[in-house]
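Single-letter residue listing:
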Amino acid sequence: MTSDADTQHPAPQPMPGPAAAAVKLPRRPRVFSGAQPTGALHLGNYLGAITNYVAMQETHDCVYCVVDLHAITLRQTKAELKRSTLDTANMFLAAGVDPQRSIVIVQSHVAQHSELAWILNTVAYMGELSRMTQFKDKTRGGEAESIGVGIFDYPVLMAADILLYQTDAVPVGEDQKQHVELTRDLAERFNNAFGKTFVVPQPIIRTTGARIMGLDDPAKKMSKSAESAYNYIALTDSPDEIRRKIRRAVTDSGTDVRTDPDKPALTNLLTIYGLLAGEPVEAVEARYEGKGYAEFKTDLAEVVVEALVPFQRRMAELGADKGFTLDVLRDGAERAQAIAERTMAKVRERMGFVSRP
Ligand code: TYM
């Protein structure tokens, strides 16, 4: 996974000592991913992406980003944006992102994201952006006259996020796969036109849990923008809210607790159970053979509550120590900016911008 373009990654620090100065360890591949600060993260975000953020820290140098510039493509109130930005950073940390090992940033703190997005706008095509499923979903039924340019351009900013850091791997849920594929196309197009500049990244998508469905409608993905709060379980929901939401979750006809293409609701609930309990779905199915939906749902609620206990405890601690998160973000912005600026210097030079005298 090495290439000309990514020689700029900082190598892991060699062991201290006089002899070590000459030792050059191979760099670890880089990960970049992000989530929007629009309300609390939910179980879909957690199982589809955040658990991979945490796991990939073992093998990669990671940058995790709260994408506030993406969030404003839909109108946010000032207070909401501020609160959600810090909360989302805390949720990354509470889920196990370790700021000693990984870089945690707020997107707008590193101005190069916007700069590269503009440049990539000159490489992207209207046609490919109008084919993005998320753009079509978000604007369905709307008049072109009043659809924000930011919503249309959203995937270009996402490509800038990823390419700035010479990213090798992008852990995301299934719904972001198309955006990562567009990022690959833009990187290749830019590299062909201006010379090898960007690493072409790979999406990392889980085989199970890549698309957690809504509890109120298993035909739609679990989403923070759902009309009903019964669609999702927020990572910050109280145990009683979790129990209530799972009790109300829709089920399929029949009584068997098993996965089946004809049982999309049970398949989704069993997937959640298996991932959170760390058990294969078949083992869960076997345990509930001959038992009904009610018993399964009662137990599932306890599995979810239990899984979220350490997360919620850590959220409370982080909430009580605001200075800690701000320090993490300050340090993250500094480290990220150094990497981003190296990429931007290369981009400007390749395109023929006169450097600032
Ligand atoms: P966002 O904020 O909608 O979601 C954050 C992550 O959660 C995943 N996800 C899901 N996974 C499984 N099941 C679900 N129901 C579910 N819902 C959401 C998403 O796929 C995502 O990985 N555009 C991105 C944010 C972004 C980004 C980036 C991601 C901006 N720049 C660069 C990666 C790299 C978004 O809106 O994610």
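Residues numbered from 1 in each chain as written. Predicted model: local features only at pLDDT ≥ 70, side-chain atom pairs only at ≥ 80, totals over all residues. Heavy atoms only, no water.

Considering the packing of aromatic side chains
Item 1. Overall, the coordinates contain nine aromatic pairs when judged by the stated rule.
Item 2. Relative to phenylalanine 296, the ring of tyrosine 288 lies with its centre 5.3 Å away and its plane at 75°, an arrangement referred to as edge-to-face.
Item 3. Each member of the aromatic cluster is reached from another via a ring pair, and the members are Tyr53, Tyr64 and Phe92.
Item 4. For lysine 138, the ring lying beneath its charged end belongs to tyrosine 154, and the centroid distance is 4.6 Å.
Item 5. Above the plane of the ring of tyrosine 230 lies arginine 248, whose end atom (NZ or CZ) is 3.7 Å from the centre. (Phe/Tyr/Trp six-rings, centres within 6.5 Å; stacked < 30°, edge-to-face > 60°. Lys NZ or Arg CZ within 6 Å of the ring centre and 35° of its normal.)

Some thoughts on the nonpolar core
Item 1. Among the nonpolar cores identified, the biggest contains 56 residues, and Leu43, Phe92, Ile272, Phe296 and Val304 are the most heavily contacted of them.
Item 2. For this core, the element with the most residues is helix α12 (residues 293-319), which contributes 11 residues. (Core = buried A, V, L, I, M, F, W, Y, C linked by side-chain atoms within 4.5 Å. Buried < 20%, exposed > 50% of the residue type's maximum accessible area, 1.4 Å probe, protein only. Helix = DSSP H or I, 4+ residues; strand = E, 2+ residues; numbered from the N terminus.)

With respect to the packing of helix α1 (residues 43-56) against helix α10 (residues 264-277)
Item 1. Relative to each other, α1 and α10 sit at 60°, their axes nearing to 12 Å. With respect to α10, the element α1 is oriented oblique. Considering how the two elements wind past one another, α1 and α10 form a crossing that is left-handed. Together, Leu43, Tyr46 and Leu47 of α1 and Ile272, Leu275 and Leu276 of α10 make up the contact between the two elements. (Axes fitted to C-alpha atoms, helices over the stretch in contact; angles between N-to-C directions. Parallel < 35°, antiparallel > 145°, perpendicular 65-115°, else oblique. Left-handed = near helix turned anticlockwise from the far one by under 90°. Contact = heavy atoms within 4.5 Å.)

As for the confidence of the model for the chain
Item 1. Across the chain, the average pLDDT comes to 92, with 93% of residues at or above 70.
Item 2. Confidence over residues 1-20 falls short of pLDDT 50; this stretch has 39 contacts with residues more than four positions distant or in other chains. (pLDDT = per-residue confidence, 0-100.)

Things to note about the site of the ligand
Item 1. The environment of the ligand is formed by 28 residues, the closest being Gln36, Tyr154, Asp161, Asp175 and Ile212.
Item 2. Here an oxygen atom of the ligand and a backbone polar atom of glycine 173 are 2.8 Å apart.
Item 3. One of the backbone nitrogen or oxygen atoms of isoleucine 212 is found 2.8 Å away from a nitrogen atom of the ligand.
Item 4. Surface burial for the ligand is 97%, taken as the share of its 700 Å² of free accessible area covered by protein chains.
Item 5. Across the shell around the ligand, the residue classes tally to 12 nonpolar, 11 polar and five charged. (Near = heavy atom within 4 Å. Polar contact = N/O pair within 3.5 Å; in protein donor to acceptor, adjacent residues only side chain to side chain. Areas by Shrake-Rupley, 256 points an atom, 1.4 Å probe, with all protein chains shown as cover. Nonpolar A, V, L, I, M, F, W, Y, C, P; charged D, E, K, R; others polar.)

Here's the deal with the pattern of salt bridges
Item 1. Counted under the stated rule, the structure contains 23 salt bridges.
Item 2. Between glutamate 58 and arginine 101 there is a salt bridge, and its shortest N-O distance comes to 3.3 Å. With glutamate 58 in the loop between α1 and β2 (61-66) and arginine 101 in the loop between α3 (78-95) and β3 (103-106), this residue pair connects regions lying 43 residues apart in the sequence.
Item 3. Taking the relative accessible area as the measure of exposure, glutamate 58 reaches 53% and is therefore exposed.
Item 4. The residue lysine 221 makes a salt bridge to aspartate 175 at a minimum N-O spacing of 2.7 Å. (Salt bridge = Lys/Arg side-chain N within 4 Å of Asp/Glu carboxyl O.)

Notes on the environment of threonine 85
Item 1. With respect to the element layout, threonine 85 can be found in helix α3.
Item 2. The class for threonine 85 is buried, based on a relative accessible area of 10%.
Item 3. Spatially, the C-alpha atom of threonine 85 lies 8.0 Å from that of threonine 38, the residues being 47 residues apart in sequence.
Item 4. Apart from the residues within four sequence positions on either side, threonine 85 is in contact with Pro37, Val66, Asp68 and Val106.

Quick look at unusual backbone geometry
Item 1. Backbone geometry places glutamine 166, a non-glycine residue, at a positive phi of 50°.
Item 2. Here glutamine 166 lies in the loop between α7 (149-164) and β4 (169-171).
Item 3. Taking relative accessible area as the criterion, glutamine 166 reaches 4% and is therefore assigned buried.

Brief notes about helix α13 (residues 322-351)
Item 1. Between the first and last C-alpha of α13 there are 42 Å, a value that for 30 residues agrees with the 44 Å anticipated at 1.5 Å per step.
Item 2. Residues of α13 that are buried include every one of Thr325, Val328, Leu329, Gly332, Ala333, Ala336, Ile339, Ala340, Thr343, Met344, Lys346 and Val347, and no others.
Item 3. Looking at the residues trailing α13, positive phi occurs at glycine 352, about 100°. (Expected span 1.5 Å × (residues − 1).)

A short note on the environment of arginine 287
Item 1. Mapped onto the secondary structure, arginine 287 falls in helix α11 (residues 281-287).
Item 2. In the structure, arginine 287 is positioned 30 residues away from valine 257 in sequence and 9.3 Å away in space, judged by C-alpha atoms.
Item 3. Not counting the four nearest positions on each side in its chain, arginine 287 is found in contact with Tyr273 and Glu279.
Item 4. Only 3.1 Å separates the side chain of arginine 287 from the side chain of tyrosine 273, close enough to count as a polar contact.
Item 5. For arginine 287, the side chain forms a polar contact with the side chain of glutamate 279, separated by 2.2 Å.

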